[in-house]
Amino acid sequence: MKEILDAILSSDSTSADFANVKLPESYRAVTLHKDEEQMFAGLASRDKDPRRSLHLDDVPLPELGPGEALVAVMASAVNYNTVWSSIFEPVSTFGFLERYGRLSPLTKRHDLPYHVLGSDLAGVVLRTGAGVNAWKPGDEVVAHCLSVELESSDGHNDTMMDPEQRIWGFETNFGGLAQLALVKTNQLMPKPAHLTWEEAASPGLVNSTAYRQLVSRNGAGMKQGDNVLIWGASGGLGSYATQYALAGGATPVCVVSSPEKADICRAMGAEAIIDRSAEGYKFWKDEQNQDPREWKRFGGRIRELTGGEDVDIVFEHPGRETFGASVYVTRKGGTIVTCASTSGYMHQYDNRYLWMSLKRIVGSHFANYREAWEANRLVAKGKIHPTLSKVYTLEQTGQASLDVHQNRHQGKVGVLCLAPEEGLGVRDAELRAEHLPAINRFRDI
Ligand SMILES: NC(=O)c1ccc[n+]([C@@H]2O[C@H](COP(=O)([O-])OP(=O)(O)OC[C@H]3O[C@@H](n4cnc5c(N)ncnc54)[C@H](OP(=O)(O)O)[C@@H]3O)[C@@H](O)[C@H]2O)c1
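Predicted model, so just to flag it, every value in this text is computed and none were measured.

A.B. asks: Would you mind showing me how to read the site of the ligand here?
C.D. replies: Every one of the 26 residues lining the ligand counts as a neighbour, but Ser257, Arg276, Thr342, Phe366 and His409 are closest to it. Side-chain polar atom of Thr342 to an oxygen atom of the ligand: 2.8 Å apart, as the coordinates give it. Note that an oxygen atom of the ligand is positioned 2.9 Å from one of the side-chain N or O atoms of Asn407. Burial of the ligand by the protein amounts to 90% of the accessible area it has alone, namely 910 Å². Those elements that place two or more of their residues in the shell around the ligand are helix 4 (80-86), helix 7 (204-215), helix 8 (236-247) and helix 11 (320-329). The element contributing the most residues to the shell around the ligand is helix 7, with three residues. Here the shell around the ligand is built from residues that sort into 11 nonpolar, 12 polar and three charged.

A.B. asks: Please explain the UniProt feature "domain: Enoyl reductase (ER)" (unreviewed entry) in the protein as it appears in this structure.
C.D. replies: Mapped onto this structure's residue numbering, the UniProt feature "domain: Enoyl reductase (ER)" (unreviewed entry) falls at residues 51-415. Across residues 51-415, helical content stands at 30% and strand content at 24%; the span's end C-alpha atoms are separated by 15 Å.

A.B. asks: What am I meant to see in the environment of Ile87 here?
C.D. replies: Among the structural elements, Ile87 can be located in the loop between helix 4 and helix 5 (94-101). Residue Ile87 is classed as buried on the basis of its relative accessible area of 1%. Sequence spacing of Ile87 and Phe298 is 211 residues, and the spatial spacing of their C-alpha atoms is 32 Å. When neighbours within four sequence positions are excluded, Ile87 is seen to be in contact with Phe40, Lys48 and His405.

A.B. asks: Hey, could you run me through the state of the cysteines in this one?
C.D. replies: The full count for this structure, using the stated rule, is zero disulfides. No disulfide involves Cys254; its sulfur sits 4.2 Å from that of Cys265, the nearest cysteine. Overall, the relative accessible area of 0% leaves Cys254 in the buried class. Residue Cys265 is classed as buried on the basis of its relative accessible area of 0%.

A.B. asks: When you look at the packing of aromatic side chains in this model, what are you seeing that I'm missing?
C.D. replies: One pass over the full model with this rule turns up 14 aromatic pairs. Considering the side-chain rings of Phe96 and Phe170, the 5.5 Å spacing of their centres and the 55 degrees angle between planes classify their relative orientation as tilted. Separated by 74 residues along the polypeptide, Phe96 in helix 5 and Phe170 in the loop between strand 8 (166-167) and strand 9 (180-184) bring together distant segments of the chain. Each member of the pair, Phe96 together with Phe170, is buried. Through pairs of rings, three or more aromatic residues link up here, namely Trp231, Tyr281, Phe283 and Phe298.

A.B. asks: I'm lost on the sheet that holds strand 2 (residues 55-60) in this one. Help?
C.D. replies: Where strands meet in a sheet, backbone hydrogen bonds hold them as pairs that are either parallel or antiparallel. Spatially, 2-1-4 is the arrangement adopted by the three strands of the open sheet, whose pairing is antiparallel. Both edges of this open sheet fall to strand 2 and strand 4 (114-116), since each of them pairs with a single strand only. For this sheet, the mean inter-axis angle between neighbouring strands, taken without regard to orientation, is 60 degrees. Relative to strand 4, strand 1 (residues 26-33) runs antiparallel, the two sharing three bridges. Within strand 4, the residue paired with Leu32 across the bridge is His115. With respect to the sheet, helix 5 is in contact with strand 1 and strand 4, its orientation differing from that of strand 4 by roughly 95 degrees.

A.B. asks: So what exactly am I meant to see when it comes to the nonpolar core here?
C.D. replies: Side chains that are nonpolar tend, in soluble globular proteins, to be buried together. Of all hydrophobic cores here, the largest spans 109 residues; its most connected members are Leu121, Leu188, Tyr244 and Cys265. When residues in this core are grouped by element, the largest group, eight residues, is from strand 3 (residues 68-78). Non-local contacts of Leu121, meaning those with residues more than four positions away in its chain, are made with Val71, Val73, Ala75, Ser76, Val141, Val142, Ala143, Trp168, Gly176, Ala181, Val183 and Ala201. Counting 20 residues, the second largest nonpolar core, distinct from the first, contains Ile302, Phe323, Val329 and Ile336.

A.B. asks: Is there a simple way to think about the pattern of salt bridges in this case?
C.D. replies: Pairing between side chains becomes possible if they bear opposite charge and their charged atoms approach one another. In this structure the tally under the stated criterion is 26 salt bridges. Where Glu164 meets Arg166, a salt bridge forms, and the shortest distance between an N and an O atom there is 2.9 Å. For Glu164, a relative accessible area of 23% puts it in the partly exposed group. Among the ionic pairs, Arg408 bridges to Asp403, the shortest N-O distance being 3.2 Å. A network of salt bridges, in which partner residues are shared, links Asp158, Arg212 and Glu371.

A.B. asks: Can you walk me through helix 1 (residues 2-9) in this structure?
C.D. replies: Helical periodicity: at 3.6 residues per turn, an α-helix aligns residues three or four positions apart in one direction. Restricting attention to buried positions, one finds in helix 1 the residues Ile4, Leu5, Ala7 and Ile8. The arc enclosing the buried residues of helix 1, seen along the axis, measures out at 160 degrees, which places them on a common side. Against the buried residues of helix 1 lie helix 2 (15-20), strand 3, strand 5 (121-128), strand 9 and helix 6 (197-201).

A.B. asks: Looking at this model, I keep getting lost on the side chain of Thr306. Mind explaining?
C.D. replies: Examined against the element boundaries, Thr306 turns out to sit in helix 10 (residues 292-306). Look past the residues within four positions of Thr306 in its chain and what remains in contact with it is Asn227 and Val253.

A.B. asks: Sorry if this is basic, but what is going on with the environment of Leu64 here?
C.D. replies: For Leu64, the location among the structural elements is in the loop between strand 2 and strand 3. Aside from chain neighbours lying at most four places away, what touches Leu64 is Ala69, Leu70, Arg109, Arg127, Thr128, Gly129 and Leu182.

Conventions adopted
Residues numbered from 1 in each chain as written. Predicted model: local features only at pLDDT ≥ 70, side-chain atom pairs only at ≥ 80, totals over all residues. Heavy atoms only, no water. Near = heavy atom within 4 Å. Polar contact = N/O pair within 3.5 Å; in protein donor to acceptor, adjacent residues only side chain to side chain. Areas by Shrake-Rupley, 256 points an atom, 1.4 Å probe, with all protein chains shown as cover. Helix = DSSP H or I, 4+ residues; strand = E, 2+ residues; numbered from the N terminus. Nonpolar A, V, L, I, M, F, W, Y, C, P; charged D, E, K, R; others polar. UniProt positions renumbered as here; feature names shortened; annotations may be inferred. Buried < 20%, exposed > 50% of the residue type's maximum accessible area, 1.4 Å probe, protein only. Contact = heavy atoms within 4.5 Å. Disulfide = S-S within 2.5 Å. Phe/Tyr/Trp six-rings, centres within 6.5 Å; stacked < 30°, edge-to-face > 60°. Pairing = 2+ DSSP bridges. Axes fitted to C-alpha atoms, helices over the stretch in contact; angles between N-to-C directions. Core = buried A, V, L, I, M, F, W, Y, C linked by side-chain atoms within 4.5 Å. Salt bridge = Lys/Arg side-chain N within 4 Å of Asp/Glu carboxyl O. Arc of directions from axis to C-beta.

In structure tokens form, the structure reads like this:
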């Protein structure tokens, strides 16, 4: 591994140097163990501690297949899917690996008694498989997490529609929270040159998801002047949705749960901010019944902030706890676009407010290659910025995941993999200097 790292850290390594670097037989990776699937049985979600289920193991190097790349991972990031995997909710990810393994001899490689997690990376290509022309050893890359087979016609308008669509490092093995990772080369994108490894690794999954969900015509298709209600506006997804709303001429109405989170939204440029904790919204009276008066109070607060207007789009992901309110506060003809259900997936809302006011609920999930590419391009141009707040080592991934599980973080939480320290990997110092305050916005708190 030292030879690989030396080649990356040296300023004069060539593609041939990377192609000739000796590959180790094993590498260090953050794993889940299949024989521990039941370890949290009977516990409430909040009591399931990722530090107990996430291990740092030496695992064998997988064989490289056609259309694939082996990447030296300098940095990765914790996503909420790392939390879901680590607490085995809503289902154990080993079921995904078993199902994928039944597809072909090549996918069988993924069905193992351990699962290497991680759906983001920034690093350097070491090897490419047969049939790969667009990428070569030595390329500095980030990887998006859409894994598709594309053998069916269904995915050829929009790759998210492929029947064999999976999220790499969640529904497939050999993810990015490791020293090495295996990806399909149609996951690769150029690493933004002005960012460090850990900054470059942090936007990927959430940035692409927010782009499709809010900006793309496959999602809400936001336009100039729209009012956009953004739940968790300083969190992983929300910190990008807020930037997209501001950059696209819309008005974000940011919902957060603390004054510190409100401050970070203000620092991004948002003005309309609701602190849901301070204002004490209780959308549910009890387990079964919601309180429409609270929806109304929330809608009234939005109108105060927008000069009397309702929201055109709700950027939804908390799910059960907020969905009734989200449907209620959307303007006539508006869109509720949802990509998740963190607080519960059995939603309840008053359908009269949906059909009588001709609103639409749109489901959105990750992003296709083109959308991920466009989202990454905006980061590379310094128009959208990473929202990295804290960086951990690979050994500390359990703690990093616990922080996200307990909602104690801001923006994104990064993980150093091969990178020996923070701050490495910047190739365009001039562009960086131009945007440094924005790049560091989430770190200064
Ligand atoms: N489908 C996809 O492709 C996709 C992609 C990315 C993420 N996701 C999912 O989306 C969800 C959010 O991901 P993320 O990365 O943004 O997570 P995150 O960094 O934890 O941010 C979520 C934010 O939502 C807010 N929130 C949490 N529970 C809430 C509740 N009950 N009511 C209101 N607000 C609540 C919190 O902000 P405040 O406390 O400040 O309000 C939190 O910071 C997760 O379930 C994740 O798995 C799906």
